[in-house]
Amino acid sequence: LGKDMKRVGYYLSEKKIRQLKFQEEVVVPSGDHLDFVLLNPSKPIEDQGHFDVLIFKLNSEFTSVETTGDTEALGIIHNFVHYKAEINPNVVYIDPVEAQNGVMDRVKMNHIFDSLAVQVDGVNSTKSLNVDADSIIDLDGITFPVICKTKQAGGSMAAHEMGIVFNEKDVQNWDRPFILQELINHDCTIDKVYVVGTHSFYDRRTSLKNMLQPPETDPIIFNSQSFKDLQGSLDDYNVLYSLSTTLNIRYHYPIKN
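Small disclaimer: the values here were computed from a predicted structure and weren't measured.

Asker: So, the nonpolar core: which residues are in play, and what are the values?
Answerer: In this structure, Leu-54, Phe-56, Leu-58, Phe-80, Tyr-93 and Val-97 are the most contacted members of the largest nonpolar core, which totals 17 residues. Mapped by element, the contributors of at least two residues to this core are β4 (53–56) and α3 (71–87). Per-element tally for this core: the top contributor is α3, with four residues. Each residue touching Val-97, except ones within four places of it in the same chain, is listed here: Phe-56, Leu-58, Phe-62, Ile-77, Phe-80 and Val-81.

Right, dumping it as structure tokens:
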């Protein structure tokens, strides 16, 4: 490969590959050529060539190891850890294995958010409760509606099943264990920021519409991966208002240190 050719290995779901529209070779504005290679995660990465960047998600592998002790999934995780630690320490990982593992558990994520709220001015953390099988649920200071979610944050469709709950009785009856979070109206948008080196990428996406607190409403059960199904459920309850304006706009700018 020439000096201006960078090899990028990737291991992602078929859905994510379609969304990102990977091609075999891409020329970026700097003039560098990016050579994209689909990885076989079950084989040692060093046997598949030298890589400058690896883009991968190990959600399902972490879940399989934790829930069933899946040795094949454990081997895949080991291959990524081993390649950077022992073979190519200069490779850029998007995202590092330890960072991915840290956001697979919503309890851990809440601790991260709470820590940021303390350390960074202008950052607020949503009120939340961690509910275990034998927990006494104290909703003092919690404002309805709330969202009830599994503790597992990814790796399976079940991790994306959740419900909008409007009263204490339905919270008490929710299948345990779960995470409860106040639902903050956010104008039908969610802003995601992706950081690579000294650059960040901002992506605005469609989210829940704002909603009111109706007097008597059953929980709204939905899968966060399918907003079309959710939209119909919410419209049936007639609790929505205020559609946001511009969506799906990307910005690119350097991070100020």
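Asker: Please set out the packing of helix α2 (residues 59–68) against α3 residue by residue, giving values where relevant.
Answerer: At a minimum axis distance of 8 Å, the contact between α2 and α3 shows a crossing angle of 130 degrees. Judged by the inter-axis angle, α2 sits oblique to α3. Relative to α3, the crossing made by α2 is left-handed. Judged by residue contacts, Glu-61, Phe-62, Ser-64 and Val-65 of α2 engage Ala-73, Leu-74, Ile-76 and Ile-77 from α3.

Asker: So, a nonpolar patch on the surface: which residues are in play, and what are the values?
Answerer: A surface patch of nonpolar side chains, amounting to about 440 Å² of accessible area, comprises Val-103, Ile-112, Phe-113, Leu-116, Val-120 and Val-123. Within the element layout of this structure, Ile-112 appears in helix α5 (residues 106–119). On the accessibility criterion, Ile-112 (40% relative accessible area) is partly exposed.

Asker: Account for the sheet that holds strand β6 (residues 128–131), naming residues and giving values.
Answerer: What the five strands build is an open sheet, ordered β6-β9-β7-β8-β13; its pairing is antiparallel. Two strands lie at the open edges of the sheet, namely β6 and β13 (220–223), each paired on one side alone. Here the average twist between neighbouring strands, direction ignored, is 20 degrees. The pairing of strand β7 (residues 146–149) with strand β9 (residues 178–182) spans four bridges and is classified as antiparallel.

Asker: Describe the pattern of salt bridges, and please don't skip the residues or the numbers.
Answerer: Applying the stated rule across the entire model yields three salt bridges. With a closest N to O distance of 3.6 Å, Arg-7 and Asp-35 form a salt bridge. Placement of Arg-7 in strand β1 (residues 5–11) and of Asp-35 in strand β3 (residues 33–38) is noted, with a sequence separation of 28 residues between them. The class for Arg-7 is buried, based on a relative accessible area of 16%.

Asker: Give me the lowdown on the layout of surface pockets, citing residues and values where you can.
Answerer: In this structure, the second largest pocket spans a volume of roughly 210 Å³. Residue lining of the second largest pocket: Phe-62, Thr-63, Glu-66, Thr-67, Asn-101, Met-104, Asp-105, Lys-108, Lys-151 and Gln-152, and that is the complete set. In terms of residue count, the dominant contributor to the lining of the second largest pocket is α2 (four residues).

Asker: Break down the confidence of the model for the chain for me, with residues and values.
Answerer: When the pLDDT values of the chain are averaged, the result is 80; 81% of them are 70 or greater. For the chain, the element scoring lowest by mean pLDDT is strand β15 (residues 250–254), at 33; α3 scores highest, at 96. Predicted confidence is poor over residues 232–257, with pLDDT under 50, and the contacts of this stretch with residues over four places away or in other chains come to 61 contacts.

Asker: Describe the packing of aromatic side chains, naming the residues involved and giving the relevant values.
Answerer: Taken as a whole, this structure holds five aromatic pairs when the rule is applied. Relative to Phe-36, the ring of Tyr-10 lies with its centre 6.4 Å away and its plane at 65 degrees, an arrangement referred to as edge-to-face. Taken together, the residues Tyr-10 in strand β1 and Phe-36 in strand β3 connect sequence positions 26 residues apart. In this pair, the class of Tyr-10 matches that of Phe-36, namely buried.

Rules of the game
- Residues numbered from 1 in each chain as written.
- Predicted model: local features only at pLDDT ≥ 70, side-chain atom pairs only at ≥ 80, totals over all residues.
- Heavy atoms only, no water.
- Core = buried A, V, L, I, M, F, W, Y, C linked by side-chain atoms within 4.5 Å.
- Buried < 20%, exposed > 50% of the residue type's maximum accessible area, 1.4 Å probe, protein only.
- Helix = DSSP H or I, 4+ residues; strand = E, 2+ residues; numbered from the N terminus.
- Contact = heavy atoms within 4.5 Å.
- Axes fitted to C-alpha atoms, helices over the stretch in contact; angles between N-to-C directions.
- Parallel < 35°, antiparallel > 145°, perpendicular 65-115°, else oblique.
- Left-handed = near helix turned anticlockwise from the far one by under 90°.
- Patch = residues over 30% accessible without salt bridge, like charges linked within 9 Å, V, L, I, M, F, W, Y side chains within 5 Å.
- Areas by Shrake-Rupley, 256 points an atom, 1.4 Å probe, with all protein chains shown as cover.
- Salt bridge = Lys/Arg side-chain N within 4 Å of Asp/Glu carboxyl O.
- Pairing = 2+ DSSP bridges.
- 1 Å grid on protein atoms, 1.4 Å probe; cavity = no way out; pocket = protein on both sides within 12 Å on 5 of 7 lines; lining within 4 Å.
- Points joined across faces, edges and corners; volume = space filled by probe spheres on them.
- pLDDT = per-residue confidence, 0-100.
- Phe/Tyr/Trp six-rings, centres within 6.5 Å; stacked < 30°, edge-to-face > 60°.

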